[in-house]
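Overview (structure and organization)
Chain by chain, the residues:
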Amino acid sequence: MDVERLLLFMRAVLLNTGTELLAGDVHDTHLAFIAREIFSVGLRIEERRTVGDGPAIGETLQDLFPHAEIIFVTGGLGPTSDDITRDVVAALLGLKLQENAELLASLKARLKARRIKWVSSIARQALVPEGAQILPNENGSASGLYLKADINPKIRSPHIFLLPGPPRELQPMFRDSVMSILRSIVKGPPKFERRFYKIAYMGESLIEEAIGKKILAIPGVELGYCARPGEVDVRIIGDRAALDQADRVVRSQLGDSIFTIGDETLEEVLVKLLTAKKQTLAIAESCTGGLLANRITNVAGASAVLLAGYICYANEAKIDMLGVDPKLIKEQGAVSEQVARAMAEGARKRAGSTYAFATTGVAGPSGGSREKPVGTVYVALASERETKVKKLFFPSDRETFKQLVAQAAFEMLRRKLIS
């Protein structure tokens, strides 16, 4: 069966509302989250639109109604004058807004518990279009709403989910309430599957060269890539039999370059590997300024493996904190294989860890030389038996440079741990 026909059996659309999104004041994260969640029930977001607060909400919904089976609307459920989503939807569907006594009581209790003064406008959040199902919000005051398809028999309409704008409110509500409703709407098992393969420190073009033609030769498989600094996601979509065939191609060609087939980050994989082996880590950072330690400590359970982090930006700090020989810095320069080696070994010795990273480089945009241009970096990994140092070159902006260095360091350790 043609892949596109297979995927479009129910058309789901996301409508983000909020002038703050169009003004660039707020970054939208809803598309990525919702798209991942609904895939498990066999749905994909086929279109996403973003509109400001105001008449555009109603105009866009009217345009979408004939072409969608499911619409997710985010934002505009709060207590202020620009929160008009529920009003617009109720008007479009010819539904009366009714005050829900339980919601009103819950709002008053919530504010009282938080010692927040009650303002009459807050009561707007207790208004519910007749026939709508309330989606509880355990993390905020604005409840979500579900309006089934053709809720007003006189007006054709798709299934509509009205969801709060803040991700910390929307995401738990989506998992706890929306997904169960979607499972009842989408009958039967998903007609297609998706598999992910994450590869670190390998270029997108090299991955394409290794697997592209072989995968695309398999009927019914959709292949895609998503590249970010130091990492590429490979995505394949299709029926199970086709994916099993494609999976064999990916694994045979990429092998140990795949660090996960799930949603894990590279640092999560490292923490799991180190924990399983009961091994520990120390980190000495110059040019990355604490990024490696930050990423590791973002992982739950990092305290079991990370013993210490040293941010040694200045030469004096390298000497005082890690015991790097001043003569070494003077003779070889702070950005050198020898200093990277000394930093890693000093960090491991002082922390008493199994392994230690060290990074020293020229992030730019200034500070480079003919011998060591901007983007030059040395990454060291020390263990009891040996210290390995890699000289790398990442000529890019400072933030991207740091991310690339972190990925290279993490991949060095992952390869060591699985060898």
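Residues numbered from 1 in each chain as written. Predicted model: local features only at pLDDT ≥ 70, side-chain atom pairs only at ≥ 80, totals over all residues. Heavy atoms only, no water.

Some words on the overall build of the chain
Across its full length, the chain carries 15 helices and 17 strands. The buried share of the chain, taken over its 419 residues, is 49%. Expressed as a percentage of contacts within the chain between residues at least 6 apart in sequence, the contacts between residues at least 24 apart total 68%. With an accessible surface of roughly 20,300 Å², the chain has 50% of that area assigned to carbon and sulfur atoms. Across the chain, the mean location of the 55 positive side-chain charges is 4 Å away from that of the 50 negative side-chain charges. (Helix = DSSP H or I, 4+ residues; strand = E, 2+ residues; numbered from the N terminus. Buried < 20%, exposed > 50% of the residue type's maximum accessible area, 1.4 Å probe, protein only. Contact = heavy atoms within 4.5 Å. Areas by Shrake-Rupley, 256 points an atom, 1.4 Å probe, with all protein chains shown as cover. Lys, Arg positive; Asp, Glu negative; His and termini not counted. Charge placed at Lys NZ, Arg CZ, Asp CG, Glu CD.)

Examining the sheet that holds strand S2 (residues 45–51)
Strand order across the open sheet formed by 6 strands is S2-S1-S3-S8-S7-S6, with mixed pairing between neighbours. Looking along the sheet, the strands with just one partner apiece sit at the ends: S2 and strand S6 (133–135). Neighbour-to-neighbour, the strand axes of this sheet turn through a mean angle of 15°, independent of strand direction. Across 6 bridges, the pairing between strand S1 (residues 12–17) and S2 is parallel. Its bridge partner lying in S2, Asn16 is registered against Thr50. Each of S1, strand S3 (70–74), strand S7 (144–147) and strand S8 (159–163) touches helix H5 (residues 85–93); the most contacted strand, S8, lies at about 160° to it. (Pairing = 2+ DSSP bridges. Axes fitted to C-alpha atoms, helices over the stretch in contact; angles between N-to-C directions.)

Re the pairing of strand S9 (residues 193–200)
Where S9 and strand S11 (residues 231–238) come together, 8 bridges link them in antiparallel fashion. Bridge pairing in S11 links Ala200 to Glu231. One ladder, built from 2 bridges, connects S9 with strand S12 (residues 258–260); its direction is antiparallel. Counterpart to Ile199 in the pairing with S12 is Ile258.

Things to note about the packing of aromatic side chains
Two aromatic rings are characterised by how far apart their centres lie and by the angle between their planes. Following the criterion strictly, the structure yields 7 aromatic pairs and no others. On the basis of an interplanar angle of 80° and a centroid distance of 5.0 Å, the ring pair of Phe39 and Phe192 is categorised as edge-to-face. Residue Phe39 is located in helix H3 (residues 30–39), and its partner Phe192 is located in the loop between helix H7 (167–185) and S9; the two are separated by 153 residues in the primary sequence. A relative accessible area of 2% means that Phe192 is categorised as buried. Arranged with centres 5.9 Å apart and planes meeting at 45°, the rings of Phe357 and Phe410 form a pair that is tilted. Pair noted here: Phe357 is in strand S15 (residues 355–361) and Phe410 is in helix H15 (residues 398–418), with a separation of 53 residues, a long-range link. Looking at Phe410, the relative accessible area reads 0%, which means it is buried. Members of the aromatic cluster, connected to one another through ring pairs, are Phe33, Phe72, Tyr146, Phe161 and Phe174. Above the ring of Trp118, the side-chain terminus of Lys108 is found at 5.6 Å from the ring centroid. Here the basic side chain of Arg194 rests over the ring of Phe39, its NZ or CZ set 3.9 Å away from the ring centre. (Phe/Tyr/Trp six-rings, centres within 6.5 Å; stacked < 30°, edge-to-face > 60°. Lys NZ or Arg CZ within 6 Å of the ring centre and 35° of its normal.)

Concerning the pattern of salt bridges
This model, assessed by the stated rule, comprises 20 salt bridges. As a salt-bridge pair, Lys272 and Glu264 come within 2.5 Å of each other at their nearest N and O atoms. Classification of Lys272 as exposed rests on a relative accessible area of 53%. When salt bridges with common partners are traced through the structure, they connect Arg11, Glu47, Arg49 and Asp63 into a single cluster. (Salt bridge = Lys/Arg side-chain N within 4 Å of Asp/Glu carboxyl O.)

Describing the pairing of S3
Among the 5 residues that make up S3, 5 are buried, leaving the element largely enclosed by the rest of the structure. The alternating pattern of S3 places Ile70, Phe72 and Thr74 on one face and Ile71 and Val73 on the opposite face, and all of these are buried. Judged from the 5 bridges that link them, S1 and S3 form a sheet pairing that is parallel. Directly across from Val13, in S3, lies its bridge partner Ile71. The pairing of S3 with S8 spans 5 bridges and is parallel. Residue pairing for S8: Val73 is matched across the bridge by Leu162.

Examining H3
For H3, the set of buried residues is His30, Phe33, Ile34, Glu37, Ile38 and Phe39. Along its buried surface, H3 packs onto S1, S2, S3, H7, S9 and S11.

A few points about the nonpolar core
One finds Leu281, Ile283, Ile296, Phe357, Val377, Phe394 and Leu413 to be the most contacted residues of the largest nonpolar core, which totals 36 residues. Those elements that place two or more of their residues in this core are helix H10 (266–277), strand S13 (281–285), helix H11 (291–297), S15, strand S16 (376–382) and H15. With 10 residues, H15 is the largest single contributor of residues to this core. Residues in contact with Leu413, not counting those within four places in the same chain, are Leu270, Leu274, Leu281, Tyr355, Phe357 and Leu381. Judged by nonpolar contacts, the second largest core, of 31 residues, contains Ile57, Val73, Ala142 and Leu145. (Core = buried A, V, L, I, M, F, W, Y, C linked by side-chain atoms within 4.5 Å.)

Focus: the packing of helix H4 (residues 55–64) against H5
In the contact formed by H4 and H5, the axes pass within 9 Å of each other and the chain directions differ by 45°. On the basis of the axis angle, H4 is oblique to H5. Handedness of the H4/H5 crossing: right-handed. In this structure, H4 contributes Ile57, Gly58, Leu61 and Gln62 to the contact, and H5 contributes Thr85, Val88, Val89 and Leu92. (Parallel < 35°, antiparallel > 145°, perpendicular 65-115°, else oblique. Left-handed = near helix turned anticlockwise from the far one by under 90°.)

Section: the layout of surface pockets
Taken as a whole, the largest pocket encloses approximately 570 Å³ of empty space. Together, 18 residues line the largest pocket, and Ala32, Ala35, Arg36, Arg194 and Phe196 are the ones closest to its centre. Secondary-structure elements contributing two or more residues to the lining of the largest pocket are H3, S2, S9, strand S10 (222–228) and S11. Top contributing element to the lining of the largest pocket by residue count: H3, with 5 residues. When its residues are assigned to classes, the lining of the largest pocket shows 9 nonpolar, no polar and 9 charged. Every residue lining the second largest pocket is counted, 25 residues in all, and those nearest its centre are Glu20, Gly75, Gly76, Gly165 and Pro166. (1 Å grid on protein atoms, 1.4 Å probe; cavity = no way out; pocket = protein on both sides within 12 Å on 5 of 7 lines; lining within 4 Å. Points joined across faces, edges and corners; volume = space filled by probe spheres on them. Nonpolar A, V, L, I, M, F, W, Y, C, P; charged D, E, K, R; others polar.)

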